[in-house]
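Structure at a glance
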Amino acid sequence: MGLKIVSVVGARPQFIKASPVSKALRKKHKEFLVHTGQHYDENMSRLFFQEMNIPEPDVNLEIGSGSHAQQTGQMMIGLEKILQQQNADFVLVYGDTNSTLAASVTASKLGIPVAHVEAGLRSFNRAMPEEVNRVLTDKISNVLFCPTQISVDHLRNEGITSNVFLIGDVMYDAVQQFKKIAGQKSEIFSILNLEPKDYVLVTCHRAENTNDPARMQNIVGALAESAKKVVFPVHPRTVGFLQKYDFWKKLTAMEHIKIIEPVGYLDMIQLEQHAEKIVTDSGGVQKEAYFFGVPCITMRDETEWIETVQDGWNLLTGASKEKIVQAINTFSPVTEQKQHYGKGNAGELIAQILDDKYDH
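Report on the accompanying structure. (Residues numbered from 1 in each chain as written. Predicted model: local features only at pLDDT ≥ 70, side-chain atom pairs only at ≥ 80, totals over all residues. Heavy atoms only, no water.)

**A short note on the overall build of the protein chain**
This is how the line gets drawn: Helix and strand definitions follow DSSP, with helices as H or I runs of at least four residues and strands as E runs of at least two, each counted in order from the N terminus. The globule rule used here is 2.2 Å times the number of residues to the 0.38 power, and the radius of gyration it is set against is calculated over C-alpha atoms. Each residue gets one of three labels from its accessible area relative to the maximum for its type: buried under 20%, exposed over 50%, partly exposed in between, using a 1.4 Å probe on protein chains only. Whether two residues are in contact is decided by their heavy atoms, any of which lying within 4.5 Å being enough. All accessible-area figures derive from a Shrake-Rupley calculation using a 1.4 Å probe, and residue coverage is judged against the displayed protein chains alone. Only four residue types enter the charge count: Lys and Arg as positive, Asp and Glu as negative, with His and the chain ends excluded. Charged groups are reduced to one reference atom each: NZ for lysine, CZ for arginine, CG for aspartic acid, CD for glutamic acid.
Across its full length, the protein chain carries 17 helices and 13 strands. For 360 residues, the compact-globule estimate of 2.2 N^0.38 gives 21 Å, and the C-alpha radius of gyration of the protein chain, at 20 Å, lies within 12% of that figure. Its C-alpha atoms put the protein chain at 60 × 40 × 40 Å along the principal axes. With 360 residues in all, the protein chain has 57% of them scored as buried. When contacts within the protein chain are restricted to residue pairs at least 6 apart in sequence, those whose partners lie at least 24 apart make up 70%. Summing over all exposed atoms, the protein chain offers an accessible surface of approximately 15500 Å²; the carbon and sulfur share of this is 49%. Between the averaged position of the 37 positive side-chain charges in the protein chain and that of its 43 negative side-chain charges there is a distance of 1 Å.

The following block contains the structure:
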């Protein structure tokens, strides 16, 4: 018979995570896909959905940016109407965005069970809005789909043990699904005149870095001093801060630093898998670096993806200029990678578990 599932996403990375799950769900269940519009992204044109073979959202709430309270409140108002109309058996949420929190709280108050994909992740830094979102979502979720054994352990330490399933990482599913398409369709290497393993890929967007002039000064200084060619897709928000702090001219004047606009997912995974090293503050990029066997330097003081650090493939430098420069020039993992993130079938397992345990 199948379940009626409302899936809620709010940003492009969540659509990519949802892709393998939606594909699997729709074989067994009826899915209604809601885009809150939390992040406006011009890369998410109709072509994005066609190229990636991702289902287009059934509805876009078009909430847009605002303070955390404004955004979350407006989403809850919009989602409440949809959930009342859809008569869902489950609401499925991903990760740690405001969209995730809004959907889980709204569903919970309406008495609709919540299933959380990427449950149990912890940075243990409550100053991160994402950490608050994920902790609260886990507390009120009825079914928790964990990507790693460490995330299962975190939930157990918090007293959450029932309806917890270790399924692997849906991002690993997505990378397996899309890396071949990226190799066929991406032209980023010819556009940027790059050679594999000839550059360091950099991303920087997290508020703890971009909102702090001292940290940004260190990061820009490290990139300026690095001996390697740097490819840096810069988010418009980051450009704004770099200009405000008067670092933009310095960065763009450096011959070895290639500043480019943000790229689509297929171009990004091409750049990631062929980089010599990756320097980032993004959770997703840390993980993709690990999937591709590329050494990762993380400009944060902690990470949710602790197994990448424990395995010696991810180095936490914070925003220390000296540590970043040294890592770019010398960091070289010596250990074997492990199979922390499943077998690329997390989406299938989610659909199967919902079918076996909850479709009565």
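**Considering the side chain of Asp173**
As a reminder, the rule being used: By convention in these notes, a salt bridge is any Lys or Arg side-chain nitrogen within 4 Å of a carboxyl oxygen on Asp or Glu. Pairs of N or O atoms within 3.5 Å make up the polar contacts considered here, provided that, within protein, one atom can donate a hydrogen while the other can accept it, and that residues adjacent in sequence are counted only when both atoms are side-chain atoms.
Topologically, Asp173 is positioned in helix 7 (residues 170–185). The charged side chain of Asp173 is buried without a salt bridge, its nearest counter-charge being Lys23 at 9.7 Å. Here the side chain of Asp173 touches Gly347 through a polar contact of 2.8 Å, landing on its backbone nitrogen. Residue contacts for Asp173: discarding those within four places in its chain leaves Pro20, Gly344, Asn345, Ala346 and Gly347.

**Here we look at the pattern of salt bridges**
Tallied over the full model, the rule gives 21 salt bridges. Notably, a salt bridge pairs Arg134 with Glu304, separated by 2.8 Å at the nearest N-O pair. Within this pair, whereas Arg134 is found in helix 5 (residues 129–140), its partner Glu304 is found in the loop between strand 12 (296–298) and helix 15 (306–310), the two being separated by 170 residues in sequence. Among the residues examined, Glu304 registers a relative accessible area of 5% and is labelled buried. In this structure, Arg300 and Glu302 form a salt bridge, with 3.6 Å as the shortest nitrogen-oxygen distance. The same class applies to Arg300 as to Glu302, namely buried. Linked through salt bridges whose partners overlap, the residues forming this network are Asp96, Glu131, Arg134, Arg300, Glu302 and Glu304.

**A closer look at the side chain of Thr317**
Following the sequence through the fold, Thr317 ends up in the loop between strand 13 (314–316) and helix 16 (321–330). Setting aside its immediate chain neighbours within four residues, Thr317 contacts Ile297, Thr298, Met299, Arg300, Lys323, Ile324 and Ala327.

**Describing the pairing of strand 1 (residues 4–9)**
Here is the rule we go by: Between any two strands, at least two bridges found by DSSP are needed for them to pair. By convention, a crossover is right-handed whenever its connection, traced from the first strand over the helix to the second and viewed with the strands pointing away, goes clockwise.
Along strand 1, six of the six residues are buried, which leaves the element largely enclosed by surrounding structure. By the bridge criterion, six bridges tie strand 1 to strand 2 (residues 30–35) in an arrangement that is parallel. Within the sheet, the bridge partner assigned to Ile5 lies in strand 2 and is Glu31. Taken together, strand 1, helix 1 (residues 12–28) and strand 2 form a β-α-β motif whose crossover is right-handed. Pairing between strand 1 and strand 4 (residues 90–94): four bridges, direction parallel. Residue pairing across strands places Val6 opposite Val91, the latter belonging to strand 4.

**Topic: the environment of Ile191**
With respect to the element layout, Ile191 can be found in helix 8 (residues 188–192). The class of Ile191 is exposed, set by a relative accessible area of 60%. Residues Ile191 and Val279 lie 88 residues apart in sequence; the distance between their C-alpha atoms is 22 Å.

**Here we look at the packing of aromatic side chains**
Heads up, the condition is: Stacked, tilted and edge-to-face are the three classes assigned to paired rings of Phe, Tyr and Trp, where Trp is represented by its six-membered ring and a pair needs centres within 6.5 Å; plane angles under 30 degrees give stacked, over 60 edge-to-face, the rest tilted.
A complete count under the given rule lists 11 aromatic pairs for this structure. Summarising the aromatic geometry, the rings of Tyr290 and Tyr341 are spaced 5.8 Å apart at their centres and angled 75 degrees between planes, so their arrangement reads as edge-to-face. Placement of the pair is Tyr290 in helix 14 (residues 283–292) and Tyr341 in the loop between helix 16 and helix 17 (346–358), with a sequence separation of 51 residues. Like Tyr341, Tyr290 is buried. Through a chain of ring-to-ring contacts, three or more aromatic side chains come together here, namely Tyr172, Tyr290, Phe291, Trp305 and Tyr341.

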